[in-house]
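Take a look at the letters that make up each chain.
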Amino acid sequence: MDNQVPPRKVPNFCSIRYGIALLLLLCNVIIMSQRVCMSLTMITMVNSTEPHGLSNTSTKEPQDNIKNPVYNWSTEIQGIMLSSIFYGILISQIPAGYLSGIYSLKKMVGSALFLSSLFTLLILLAAEFGEALVIICRVIQGLFQGIALTTQQVVWIKWAPPLEQVRLTSLSLSGLLLGPCVVLLITGFICDSLGWPMVFYIFGACGCALSLLWFVLFYEDPKDHPCISKSEKEYITSALTQQNGLLSSLPHLFAWIFAILAGHMSDVFLSRNILSLLTIRKLFTLLGLLLPALFSLCLLYLSSSFHGTMIFLILANATGSFCMGGILINVLDIAPRYYGLLKGFTNVIGLTGGLVASTVTGVILSQDQDSPWLKIFFMMVANNVISLIFYLIFAKAEIQDWAKETQNSYL
C-alpha cells in the first residue's frame, strides 16, 4: 500500500488574500464613484437659465432645508471640468509604476485613496472660489486616482499564487465596473433628498474611511501579516517561489496589445466600408469568444512542453480582448441614448458572472482532486461557445426603435 500524503486544504474565500481583493474592490468602487459623480451632479450644479461666461457667480436655492449652490458655467467649462480628471490619471501612470517598485505599497495606495477622497470633499469649496480651482482640484484628484489604480496591481506580486492571479486581479478590478453602477443608482436619490453637495461629501468620506481601513488591514508581505493562517502563508510563499514574474505579466501585456489592435482594425474596416457594422461586431465577438476557447483546449491537450503551455496560456487570455471591437461596444450601436444605463446593468450582470465563476472554481478545486482544471476549462469553453451562438443569432447594430429620440421622453 502506497503511503500518499493527502492533499492539503488551502483556505480559499475566507482568507486574507481574498480579503485584500475585496478591499481593493471597494477601493475601486470609491475611485470610480468619485470620478463619475460630477457628470451626474453637473445638471443641478449649473444654472442653465442665466447667460454664461460672465463670472463664477452662484445663487443659493433651498432644497429640503439644504442650500445648493448653482453656478454660471459655460458648456465649454463644464466639459473641461469633467475631462480634467483624466489628464491627472494620464500624467500619473508612468511615475506611479516606477515609484511602486521603490516605496511602500501600503502607503502609496492608502495615501492616494485618502488624498483623492480629500479633494472630492473640497470640490464645493473650490467651486465657490472659481471654476479654475475646480479644474485644478479635479486634475490633482486624477493624479492620486492614477497612482491608486496603478500601484494596486503590484500588490499581487507577493499576494497572488500563480493559479489565482487572474481570479484575484479580476475580482479587485471588478470594482471599476461596479462603481459607475453605484453612482447611477444612488446619485439622483442623494441630489433629490439631500442636495448635490452631499454626493461629494458621502463619496469623499467613504474614501477617507476606507483608506484608514487599508492602513490597518494591509501588509506588504504575507509573511508579515499577523492574522494570516500558517497554511495560507505556506501556500502563497511556496507557490510564488515556483513562478517567473516576467512570464506572469505576458498575458496581460498581450491582452492590452490585442485590445488596441481590435479597436484600430474595427475602425479601419468601418471607415473604408470593407465590412458592415454588424459584420464587424460579429467578427470581433467571434474572435474574442472562440479563440480563447480553442486555445484553452490546446492548453489541455497540445501543451506538452513548458513553452507550449506558456504560449497557449498567453493566447487564451489575450485573444479575449478582441471583444473590445465587438460585443463590448455594441450597446453604443443599438441604444446610444441609454448607453450609460445599459452599461450599468451589463456591468452588474458581468460582475455577478465573475463572482459566480470564482465561487464555482473554488468549489471544484476543493472537491475534485483528480482533474479539476479539466472541468473548469470545459465549462469555460462551453460558456464561450453558447454565448457566441446566441450573439451571432440575435445581434443587431442599428439603433433600436425603443432607443430612438422621442418628443415626450424624459431620459
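Calculation criteria
- Throughout, a residue's number is its position along its own chain's written sequence, starting from 1.
- Two thresholds apply to this predicted model, a pLDDT of at least 70 for residue-level local features and 80 or more for giving and counting side-chain atom pairs, whereas whole-chain, interface and lining totals are computed over all residues.
- Side-chain measures here rest on the full set of heavy atoms in the structure, leaving out hydrogens and waters.
- In this text, helices come from DSSP runs of H or I with a minimum length of four residues, and strands from runs of E with a minimum of two, each type numbered from the N-terminal end.
- Expected helix span is given by 1.5 Å per residue-to-residue step, counting one fewer step than there are residues.
- Relative accessible area decides the class of each residue, using a 1.4 Å probe on protein chains only: under 20% of the type maximum gives buried, over 50% gives exposed, and in between gives partly exposed.
- Two N or O atoms form a polar contact when they lie within 3.5 Å of each other; inside protein one atom must be a possible hydrogen donor and the other a possible acceptor, and for residues adjacent in sequence the pair counts only when both atoms belong to side chains.
- Take the buried Ala, Val, Leu, Ile, Met, Phe, Trp, Tyr and Cys residues and link them wherever side-chain atoms come within 4.5 Å; each set so joined is a nonpolar core.
- Contact criterion: two residues are considered in contact whenever any of their non-hydrogen atoms come within 4.5 Å of each other.
- Fitting a line to C-alpha atoms yields each axis, with helices limited to the stretch in contact; the angle taken between N-to-C directions then spans 0 to 180 degrees.
- Geometric relationships in this document are graded by angle, where less than 35 degrees denotes roughly parallel, more than 145 denotes roughly antiparallel, 65 to 115 denotes roughly perpendicular, and other angles denote oblique.
- Amino acids outside the nonpolar list (Ala, Val, Leu, Ile, Met, Phe, Trp, Tyr, Cys, Pro) and the charged list (Asp, Glu, Lys, Arg) are all regarded as polar, and Gly is one of them.
- Salt bridges are defined by distance alone: a side-chain nitrogen of Lys or Arg within 4 Å of a carboxyl oxygen of Asp or Glu.

Trainee: So what's going on with helix α3 (residues 105-121)? Which residues, and what values?
Mentor: An ideal rise of 1.5 Å per residue puts 24 Å on 17 residues; α3 measures up with 24 Å between its terminal C-alpha atoms. Residues of α3 that are buried: L105, K106, M108, V109, G110, A112, L113, S116, S117, F119 and T120. Its side-chain oxygen 3.3 Å from the backbone nitrogen of K106, S104 forms the N-cap of α3.

Trainee: Run through the nonpolar core, naming residues and quoting values.
Mentor: Core analysis: the biggest nonpolar cluster contains 30 residues, and I20, V155, W156, W159, W214 and F218 have the highest contact counts within it. Taken together, the elements giving at least two residues each to this core come down to α1 (16-45), α3, α5 (131-151), α6 (156-159), α7 (165-173), α9 (197-217) and α10 (230-240). Here this core takes 11 residues from α1, the largest share from any one element. In contact with V155, other than residues within four places in its own chain, are I20, L105, W214 and F218. Within the second largest apolar cluster, 24 residues are counted, among which are M38, M45, W73 and I190.

Trainee: Please give an account of the environment of V70 that cites residues and values.
Mentor: By the element assignment, V70 lies in strand β2 (residues 66-71). Sequence separation between V70 and V46 is 24 residues; the distance between their C-alpha atoms is 5.2 Å.

Trainee: Talk me through the environment of F269; I want residue IDs and the actual numbers.
Mentor: Looking at the element boundaries, F269 is found in helix α11 (residues 245-271). Residues F269 and I280, 11 residues apart in the sequence, show an inter-C-alpha distance of 7.4 Å. In this view, F269 contacts I274, L275, I280, L283 and F284; residues no more than four positions away in its chain are not counted.

Trainee: Any chance you could break down the packing of α1 against α7 for me, citing the residues and the numbers?
Mentor: How two helices pack is summed up by the angle between their axes together with the distance between the axes. Packing of α1 against α7 brings their axes to within 7 Å, and their N-to-C directions diverge by 30 degrees. Here α1 lies roughly parallel to α7, going by the angle between them. Taking contact as the criterion, the partners of R17, Y18, A21, L24, L25 and N28 in α1 are, on α7, R167, L168, L171, S172 and L173. Here the residues of the contact of α1 with α7 are counted per class, giving seven nonpolar, two polar and two charged.

Trainee: Provide a residue-level description of the pattern of salt bridges, including the pertinent values.
Mentor: If the charged atoms of two oppositely charged side chains come close together, the side chains can form a pair. For the coordinates displayed, the defined rule picks out three salt bridges. The partner of E232 in a salt bridge is R17, and the shortest N-O contact between them spans 3.0 Å. Taken as a pair, E232 in helix α10 and R17 in helix α1 lie far apart in primary sequence, 215 residues in all. Classification of E232 by relative accessible area gives buried; the value is 2%. Residue R17 is classed as buried on the basis of its relative accessible area, which comes to 0%. With a shortest N-O distance of 3.9 Å, D221 and K158 are connected by a salt bridge. Here D221 is found in the loop between α9 and α10, whereas its partner K158 is found in helix α6, with 63 residues between them in sequence. On the basis of relative accessibility, which here comes to 13%, the residue D221 falls in the buried class.

Trainee: Summarise the environment of S172; cite the residues concerned and give the values.
Mentor: Along the chain, the position of S172 falls in helix α7. Judged by relative accessible area, S172 falls into the buried class, the value being 1%. Each C-alpha atom of the pair S172 and A21 lies 4.8 Å from the other, and the pair is 151 residues apart in sequence. Other than its neighbours up to four places away in sequence, S172 contacts A21, L24, L25, N28 and W156. Within the structure, the side chain of S172 is placed 2.8 Å from the backbone oxygen of T169, a separation counted as a polar contact.

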